[in-house]
Amino acid sequence: MTAFAEIARKLDADDPLSDADALDLASTQDLVGLAELADRARRRRHGTQTTFVRVAEVSLAGPLPDLPGDAGEWCLRGAPATLESAQARVQQLVARAGEVPVSAFSLADLEALAADEGLSLRALLERLREAGLELVAEAPVDDLQDARASIEAANMSGLTVARLTFGGEPRGSFVRALRDVAALQRQVGVLRVFQPLPRAVVAGQPTTGYADVRQVALARLLVDNIDTIQVDWLVYGPKLAQVALTAGADDLDRVPPAAGPVPEGRRNPRDEVRWNIEATGQQPVERNGRFDLLG
Amino acid sequence: MTIDSLAAKARAGERLSGPEALALYRGAPLHLLGRLADAARARLHPDRIVTYIIDRNVNYTNVCVARCRFCAFYREVGASDGYVLGFDEIYRKIDETIAVGGVQLLLQGGHNPDLPLSWYEDLFRAIKQRYPSFRLHALSPPEVIHLSRLSRLPVAEVVDRLVRAGLDSIPGGGAEILVDRVRRLLHCDGKATADEWIDVMRHAHRAGLRTTATMMYGTVETDEERIAHLLRLRDLQDETGGFTAFITWSYQPSHTALGGAEATGVDYLRTLAVARLVLDNFDNLQASWVTQGGKVGQLSLAFGANDMGSVMIEENVVRAAGASYCMDEVEIVRNIEDAGFIPQRRNMHYERLGGPMFREREIPRMHNLATARRDGDDHVPAELMNYPARSRSGRRQRERPHSDA
């Protein structure tokens, strides 16, 4: 039996993959075979359903823009200078958002803010929760001072971490980084979404298509205790994001809400993302930031 | 005819019929198509070499009477931003191409009624005189037909004259979809019907020229018509063996009369994979990074492609329709090696020229593709005065004071 066939047998039987299996998967030149294994794992968990969320992004300063009513999440971007300003902005956004979930900030920035304010992270997060915040927008696991403690603090303060991410390309072995993510989830148990492709793109040296597909597939196979493997539609673009759906991803993040005229030669974002998902043979289902399915 | 039985047939390297190819195209899972196409590629290229060429795409004129509905590049006769490149401009572009290790010009342009056959002959002869070893991969079947009509000479004679003047090979542009129903809807049957395109290539191959073949999909064609296109190419290749490579790309809709939206990345990979399986007599399939971007362009190597196309240096046609990706040699090689393949430079005939040029000498990085001319440059080349214009605006242009760039 080939190594791939043995790994496929283990996956079908829900047997854990060994470190040797993980290294075999990471080093294979058979990208399509790897993608197929990941796709099978994804289908076992999610069938052919692919979710997507339209996110309206808001900056920390300035008057609130007219925000589209059809966004599934309103997200406050940026590192707040003070807790007071963060609370005020969250309150402003929540008051306008109505039923739309509001997410804000990077957990790494909130760690730093808590230290600046002389508060525990939990205390700071509770203040933000009191201001109406529901979701911490992202937890970049490679940038957190203490990932376990910080994620637990978010959970205990009543906030949900919307996405576990990699801020940049993982230092060292990607397999090791994924094993660490799986270990983190075993400790905290509250993560629902993992985004394995780096949020930040290095100008002039973007990640390659092979690397992206490999990382998504490995994430699906090695981080089998986080339900959703997500790809950022804005950063990675419709083509790569769509291919990632055939390699283990089941959710598309940061689809822009329809606002303003649609560029020539393009559909509106909702139709574009639905069309791309359907072209892979999967069923698109829109969701909001709370993972309520919107249809 | 189950997918499994068709896959077994493809794995065995047996020829697929049209209905069989269509069934695979529509029904085979993406991963299966990829594996089959990759296996077909590996049978032809077991050394894991992926080739690329350093050349430059030069569009000598954007004035065109064909008016294809999917084209955003053309300008009508008399348009203020219509241009014809001068010979000196083209020499400069060749110099720049040679400086970065380039070996040929891919020279194409609009069907300009004011450029007679003699202009092309003089240009080709002049280039060959100055740059004897530099290759001219020039024109396309529709351009040859245009020259045939303009000069009232048979296609075969036009090809012969161009070869004598220095033409080395013909790119496979203008094929779009080789089905006349589609060509009528795209308004490109006037520049060449499907049979006419095939006929020019037949003449070219019989004249000793090698050519490429292309397919632009994602406009109005059906799945059956995409397959029909591939079968026409396969049939001619059986007859002449003259095609060196096949390139497919998705229609780019911005700024075109046709409008619409672009086909998806997965559609591209499926189309490429099926092309590899159907075109069993084509050695080489090129990735289209210029329309798909670097990431999906690289992923093509897992779906049947064995070549990363050209560094290009300059590109105007697809850019006009909204695609503006750029990959220089460093980036192409990085992507080839990252995919586990070995990069090799080649010429148009797919003869290997060696390893990456930038590893032999210093080559400046290129982060944007060049354009035909700088914005605002509307000069009329001096030598145009020597060629009679057919259009009124062309004649008026020749009467104006002329200038050199």
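Rules and cut-offs
- Residues numbered from 1 in each chain as written.
- Chains lettered and ligands numbered in written order.
- Predicted model: local features only at pLDDT ≥ 70, side-chain atom pairs only at ≥ 80, totals over all residues.
- Helix = DSSP H or I, 4+ residues; strand = E, 2+ residues; numbered from the N terminus.
- Rg over C-alpha atoms; globule rule 2.2 N^0.38 Å.
- Contact = placed C-beta atoms within 7 Å.
- Expected span 1.5 Å × (residues − 1).
- Buried ≥ 20, exposed ≤ 12 C-beta atoms within 10 Å, placed from the backbone.
- Nonpolar A, V, L, I, M, F, W, Y, C, P; charged D, E, K, R; others polar.
- Core = buried A, V, L, I, M, F, W, Y, C linked by C-beta atoms within 7 Å.
- Pairing = 2+ DSSP bridges.
- Axes fitted to C-alpha atoms, helices over the stretch in contact; angles between N-to-C directions.
- Parallel < 35°, antiparallel > 145°, perpendicular 65-115°, else oblique.
- Left-handed = near helix turned anticlockwise from the far one by under 90°.
- pLDDT = per-residue confidence, 0-100.
- Arc of directions from axis to C-beta.

**Q** Please clarify how the overall build of chain A should be interpreted in this entry.
**A** The secondary structure content of chain A amounts to 11 helices and 10 strands. The C-alpha atoms of chain A give 19 Å as radius of gyration, which agrees with the globular expectation for 295 residues (19 Å, within 12%). Projected onto its principal axes, the C-alpha coordinates of chain A cover approximately 60 × 45 × 35 Å. Sequence-distant contacts in chain A: of pairs separated by 6 or more residues, those separated by 24 or more amount to 71%.

**Q** Teacher, can you tell me more about the overall build of chain B here?
**A** Within chain B, the regular secondary structure consists of 15 helices and 11 strands. Its C-alpha radius of gyration of 21 Å places chain B within 12% of the 22 Å reference for a compact globule of 405 residues. Overall, chain B is about 70 × 50 × 40 Å in size when its C-alpha atoms are taken along their principal axes. Look at the contacts in chain B between residues 6 or more apart in sequence, and 79% of them connect residues 24 or more apart.

**Q** Explain helix H11 (residues 265-278) of chain B to me, please; I cannot follow it from the model alone.
**A** The terminal C-alpha atoms of H11 of chain B lie 20 Å apart, and with 14 residues this matches the ideal 20 Å at 1.5 Å per residue to within 8%. Summarising burial for H11 of chain B: 13 of the 14 residues are buried, a large majority.

**Q** How should the interface of chain B and chain A be read in this particular structure?
**A** Frequently, the measure chosen for interface size is the accessible area that the parts lose on association. With 27 residues of chain B in contact, the opposing surface of chain A contributes 25 residues. When contributions to the side of chain B that touches chain A are tallied by element, the ones reaching two or more residues are helix H3 (30-44), H11, helix H12 (289-299) and helix H14 (329-338) of chain B. Sorting elements by how many residues they give to the side of chain B that touches chain A places H12 of chain B first, with seven residues. Each residue belonging to the side of chain B that touches chain A can be placed in one class, and the counts come to eight nonpolar, 13 polar and six charged.

**Q** Could you clarify how one ought to interpret the nonpolar core in this entry?
**A** Across soluble globular proteins, nonpolar side chains have a tendency to be buried as a group. In this structure, Val 136, Val 216 and Ala 244 of chain A together with Phe 246 and Leu 277 of chain B are the most contacted members of the largest nonpolar core, which totals 207 residues. Ranked by residue count, the leading element in this core is H11 of chain B, at nine residues. Every residue in contact with Phe 246 of chain B, bar those within four places of it in the chain, is listed here: Ala 213, Leu 233, Ala 275, Leu 279, Phe 282 and Leu 285 of chain B.

**Q** In this structure, what is going on with the pairing of strand S1 (residues 49-58) of chain A? I would like to understand it.
**A** A regular strand places its side chains on the two faces of the sheet in alternate fashion. Residues and elements named next belong to chain A. Counted residue by residue, S1 has eight buried out of 10 residues, so it is predominantly covered. Across five bridges, S1 lies against strand S10 (residues 283-287) in parallel orientation. Note on S10: the bridge partner recorded for Thr 51 is Val 285. Two elements, S1 and strand S2 (residues 73-76), share four bridges in a ladder whose sense is parallel. When the sheet's bridge partners are listed, Val 58 is paired in S2 with Leu 76.

**Q** Where do I start with the packing of helix H1 (residues 3-11) of chain B against H3 of chain B in this structure?
**A** Packed helices, taken two at a time, are described by their axes: the angle between them and the distance between them. Residue and element names in this part refer to chain B. Orientation of H1 relative to H3, taken along the N-to-C sense of each, is 20°, at an axis distance of 9 Å. Here H1 lies roughly parallel to H3, going by the angle between them. The two elements H1 and H3 meet at a crossing, and its hand is left-handed. Note on element contacts: H3 touches H1 through Leu 32, Leu 36 and Ala 39, opposite Ala 7, Ala 10 and Arg 11. The residue inventory of the contact of H1 with H3, partitioned by class, reads five nonpolar, no polar and one charged.

**Q** What am I meant to see in the environment of Glu 143 of chain B here?
**A** Residues and elements named next belong to chain B. As for its placement among the helices and strands, Glu 143 is situated in helix H6 (residues 141-151). Along the sequence, Glu 143 and Cys 68 sit 75 residues apart, while their C-alpha atoms lie 13 Å from each other. Contact partners of Glu 143, with chain neighbours within four places excluded, come to Gln 108 and His 111.

**Q** Even after reading the chapter, I still don't get the environment of Arg 9 of chain A, so can you show me in this structure?
**A** Residues and elements named next belong to chain A. Locating Arg 9 in the fold gives a position in helix H1 (residues 3-12). According to the C-beta neighbour criterion, Arg 9 is exposed, with 11 such atoms within 10 Å. C-alpha of Arg 9 to C-alpha of Ala 183: the two residues are 174 residues apart in sequence and 23 Å apart in space.

**Q** Would you mind going over the confidence of the model for chain B with me for this structure?
**A** Close reading of the predicted structure is inappropriate where its pLDDT is low. When pLDDT is averaged along chain B, the result is 95; 99% of the residues meet or exceed 70. At the level of chain-chain contacts, confidence expressed as ipTM amounts to 0.94, with global pTM at 0.95.

**Q** For this particular structure, what's the right way to read the environment of Ala 38 of chain A?
**A** Residues and elements named next belong to chain A. As for its position among the elements, Ala 38 is in helix H3 (residues 31-46). Measuring from C-alpha to C-alpha, the distance between Ala 38 and Arg 220 comes to 5.9 Å, with 182 residues separating the pair along the chain. What Ala 38 contacts, discounting residues up to four positions off in sequence, is Ala 217, Arg 220, Leu 221, Ala 247 and Gly 248.

**Q** Sorry, what's going on with unusual backbone geometry here?
**A** Only a minority of non-glycine residues have a phi that is not negative, and only a minority of peptide bonds are not trans. Even without glycine at this site, Phe 291 of chain A takes up a positive phi of about 70°. Counting through the fold element by element, Phe 291 of chain A comes out in the segment after S10. A positive phi angle, close to 65°, is found at His 255 of chain B, a residue other than glycine.

**Q** It is not clear to me how helix H8 (residues 174-188) of chain A should be interpreted in this structure. Could you clarify?
**A** Three or four residues apart is the spacing at which side chains of an α-helix point the same way, because the helix has 3.6 residues per turn. All names here are of chain A. Over its 15 residues, H8 runs 21 Å from end to end, which matches the ideal 21 Å to within 8%, given 1.5 Å per residue. Every buried residue belonging to H8 is among Phe 174, Ala 177, Leu 178, Val 181, Leu 184 and Gln 185, and all of these are buried. End-on view of H8: buried residues confined to an arc of 115°, all on one side of the axis. Every exposed residue of H8 that faces more than 90 degrees away from the buried side is listed here: Arg 186 and Gln 187. Buried positions along H8 lie against helix H2 (19-27), helix H7 (147-156), strand S6 (164-165), strand S7 (193-195) and helix H9 (209-222). In the stretch just after H8, Gly 189 is the one whose phi turns positive, near 65°.

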